[in-house]
Amino acid sequence: MKTEFSLAQLANPDIAEADKILRACVHCGFCTATCPTYVLLGDELDSPRGRIYLIKEMLEKDRPPTKAVVKHIDRCLSCLACMTTCPSGVNYMHLVDQARVRIERDYRRPLAERLLRGTLALVLPDPKLFRTSMWLARLARPFAALLPAPTTPSPTPSLLRRIRAMLALAPGALPAPGAVAGQVFPAQGERHGRVALLQGCAQQVLAPRINQAAINVLTRHGIEVVLVKDEQCCGALTHHLGRDDDALRRARANITAWMAEAQAGGLDAILVTTSGCGTVIKDYGFLLREDRDFAGPAAKVSALARDITEYLAPLELKRQSRGEGDIVVAYHAACSLQHGQKITQAPKDLLSKNGFVVKDVPESHLCCGSAGTYNLLQPDIATRLRDRKLANIASVKPNMIAAGNIGCMVQIAGGTSVPVVHTIELLDWATGGPRPGSN
Ligand code: SF4
Ligand code: SF4
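Nothing here was measured: the structure is a model prediction, and the numbers come from that model. Counting of residues starts from 1 at the beginning of each chain's written sequence and follows it residue by residue. Key to labels: chains lettered from A, ligands numbered from 1, both in the order written. For a predicted model such as this one, the threshold for reporting local features is a pLDDT of at least 70, and the threshold for listing and counting side-chain atom pairs is 80 or more; totals across whole chains, interfaces and linings nevertheless cover every residue. To get the side-chain values, take all heavy atoms of the structure and skip hydrogens and water.

Turning next to the overall build of the protein chain. Counting its regular elements, the protein chain contains 24 helices and 9 strands. In summary, the protein chain has a C-alpha radius of gyration of 21 Å against a globular reference of 22 Å for 439 residues, a match within 12%. Along the longest, intermediate and shortest principal axes, the C-alpha atoms of the protein chain span 60 × 55 × 40 Å. The buried label goes to any residue with under 20% of its type's maximum accessible area, the exposed label to any with over 50%, and the partly exposed label to all in between, with areas taken from a 1.4 Å probe on protein chains only. Classification of the 439 residues of the protein chain by burial places 54% in the buried group. Using a 1.4 Å probe, accessible areas were evaluated by the Shrake-Rupley method; residue-level cover was limited to the displayed protein chains. Carbon and sulfur atoms make up 56% of the accessible area of the protein chain, which totals about 18700 Å². Counted as positive: Lys and Arg. Counted as negative: Asp and Glu. His and the chain ends are not counted at all. Where a charge lies is defined by one atom per residue type: Lys uses NZ, Arg uses CZ, Asp uses CG and Glu uses CD. If you average the places of the 52 positive and of the 41 negative side-chain charges in the protein chain, the two averages end up 5 Å apart. Only DSSP runs of H or I with at least four residues qualify as helices, and only runs of E with at least two residues qualify as strands; both kinds are numbered from the N terminus onward. Put simply, the radius of gyration uses C-alpha atoms, and a globule should come to 2.2 Å times the residue count raised to 0.38.

With that settled, consider the site of ligand 1. We call a residue near a molecule or strand when any one of its heavy atoms sits within 4 Å of it. Near ligand 1 there are 13 residues, and of these Cys 35, Arg 51, Cys 76, Cys 79 and Cys 82 occur at the shortest range. Taken together, the elements giving at least two residues each to the shell around ligand 1 come down to α3 (36-41), α4 (48-60) and α6 (81-85). Per-class residue counts for the shell around ligand 1 are 10 nonpolar, 2 polar and 1 charged. The residue classification treats Ala, Val, Leu, Ile, Met, Phe, Trp, Tyr, Cys and Pro as nonpolar and Asp, Glu, Lys and Arg as charged. All others, Gly included, are polar.

Our next topic: the sheet that holds strand β6 (residues 328-331). Note on sheets: strands pair through backbone hydrogen bonds, and any given pair is parallel or antiparallel. The 4 strands are arranged β7-β6-β8-β9 in an open sheet whose pairing can be described as parallel. Edge positions in the open sheet fall to β7 (357-360) and β9 (420-422), since each of these has one partner strand only. Taking the axes of each pair of neighbouring strands and ignoring which way they run, one obtains an average angle of 35° across the sheet. For two strands to be treated as a pair, DSSP must find at least two bridges joining them. Simply put, an axis is a line fit to the C-alpha atoms, just over the touching stretch for a helix, and the angle between two N-to-C directions goes from 0 to 180 degrees.

The next thing to look at is the site of ligand 2. Taken together, 13 residues lie around ligand 2, and Cys 25, Cys 28, Gly 29, Cys 31 and Cys 86 are the ones closest in. In terms of residue class, the shell around ligand 2 is made up of 9 nonpolar, 3 polar and 1 charged.

So, about the packing of aromatic side chains. Stacked, edge-to-face and tilted labels apply to pairs of Phe, Tyr and Trp rings (six-membered ring for Trp) whose centres lie within 6.5 Å, assigned for plane angles under 30 degrees, over 60, and everything in between, in that order. The tally for this structure, following the rule as stated, stands at 2 aromatic pairs. On the numbers, 6.5 Å between centres and 25° between planes, the contact of Trp 258 with Tyr 284 is stacked. Note that Trp 258 is positioned in helix α14 (residues 244-265) and Tyr 284 in helix α16 (residues 284-287), a separation of 26 residues in sequence. Ring centres of Phe 356 and Trp 429 lie 5.9 Å apart, and the angle between their planes is 45°; on these two criteria the pair is classed as tilted. With Phe 356 in the loop between α20 (346-353) and β7 and Trp 429 in helix α24 (residues 423-430), this pair connects stretches of sequence that are 73 residues apart. For Phe 356, a relative accessible area of 4% translates into the label buried. Over the aromatic face of Phe 294 sits the side chain of Arg 252, whose NZ or CZ is 5.9 Å from the ring centroid. Only when the NZ of Lys or the CZ of Arg is both within 6 Å of the ring centre and within 35 degrees of the ring normal is a charge said to sit over the ring.

Orientation of helix α5 (residues 67-74) relative to helix α7 (residues 92-106), taken along the N-to-C sense of each, is 130°, at an axis distance of 11 Å. Viewed along their axes, α5 and α7 adopt a mutual orientation that is oblique. For the crossing formed where α5 meets α7, the hand is left-handed. Contacts between α5 and α7 pair Val 70, Ile 73 and Asp 74 from the former with Val 96, Arg 100 and Ile 103 from the latter. Its residues placed into classes, the contact of α5 with α7 shows 4 nonpolar, no polar and 2 charged. Here is the rule for angles: anything less than 35 degrees is roughly parallel, anything more than 145 is roughly antiparallel, 65 through 115 is roughly perpendicular, and the remaining ranges are oblique. For any helix crossing, the convention is left-handed if the near helix is rotated counterclockwise from the far helix by under a right angle, and right-handed if that rotation is clockwise. We call two residues contacting when some pair of their heavy atoms lies within 4.5 Å.

Turning our attention to α24. Within α24, 8 of the 8 residues are buried, which leaves it mostly tucked inside the rest of the structure. Those residues of α24 that sit buried are Thr 423, Ile 424, Glu 425, Leu 426, Leu 427, Asp 428, Trp 429 and Ala 430. The first or second residue beyond α24 is Gly 432, which carries a positive phi of 110°.

Purely geometric stuff here, so don't read any function into it on its own.
Here is the structure:
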């Protein structure tokens, strides 16, 4: 794609990067076939190619985002299916990230929208505030039915529709808090490695059992696990809201904490059980490439970051009898894992090797609609995607559904009675831990 940035514009490293990305695009449109919003809405401007044109126009003309640009960028899930499909290697992720930052900086959203986004950016990354908000949502849930229900799904939902969606996603009860920052879990038997495990923000409130399962599996196989003190939200949630000052502040704080831990006790890897977070931590090196003090450490942290299944894949796990017959597991490939990190086979191989009958879900490249805060901000598109995902999952008749991302787990569980578990919970069960759902 021909671009027309001036030399002065190209002196800005972000614009130089956008120029490189835009030039790689040959307008072929292959990406449209796998883009969930194009598949659902059929509008070229809700396809990757259409959005790339909108972003190009905004950046080249150096003008504030228009209402139309904001509408179509807001509808993008950042699922990155387009990057998997693109034959030219267009880095759509770095382009749309720039567009979101520009929208946040230069576009004045209506007051209610600003308040909503501000609240999400404040509450979601803070486990204490998030726990309180879940408790309040539980109290408010009976009143959700009084809020107006949409007669037809809308790609531009009202504030009340979004509040209704948030209340619907809030769990009926919260589990007790899990392991706390600063704890070290020694390896059982001879120590073969030492890792940090990202504690996460929403996940530690909604499902502390996931990281507990990871700790069980790792320590059982001779790996010491550290929950690093002073670690915080990885920044993914605010990064996807275009609030990069907040996201980068969190990234720097985490890099400082992890590098200090690596120097003090040694770290073979930084493990992540939420693939949405893993994708962003693996991108810290890029996000901080222009930061004189942090570029080097950020690159080191990104090189150390591993999804839990990526780390376990080469290990021979000590499989034990589960005492049950065949369990058919529908493997839901989270977008951040399959498209963001290109990890497709490891989780399925681990499950098969450890005694589960793994079924691929038809249309597995399509997002379930969770996508960070997407199911809260765009509930109607998100619900359509979820229902499509659930129909595809039902077609393989599973006993359980496995996924590697808490956002997907909550989204899918909202529409099915089939248990939805994390891949690591099944691996814990297969190697001597509790049956998921029994503790
Ligand atoms: S990230 Fe997903 S929703 Fe956004 S343009 Fe790409 S495929 Fe479409
Ligand atoms: S598939 Fe790649 S090169 Fe083709 S239009 Fe989409 S982004 Fe551009």
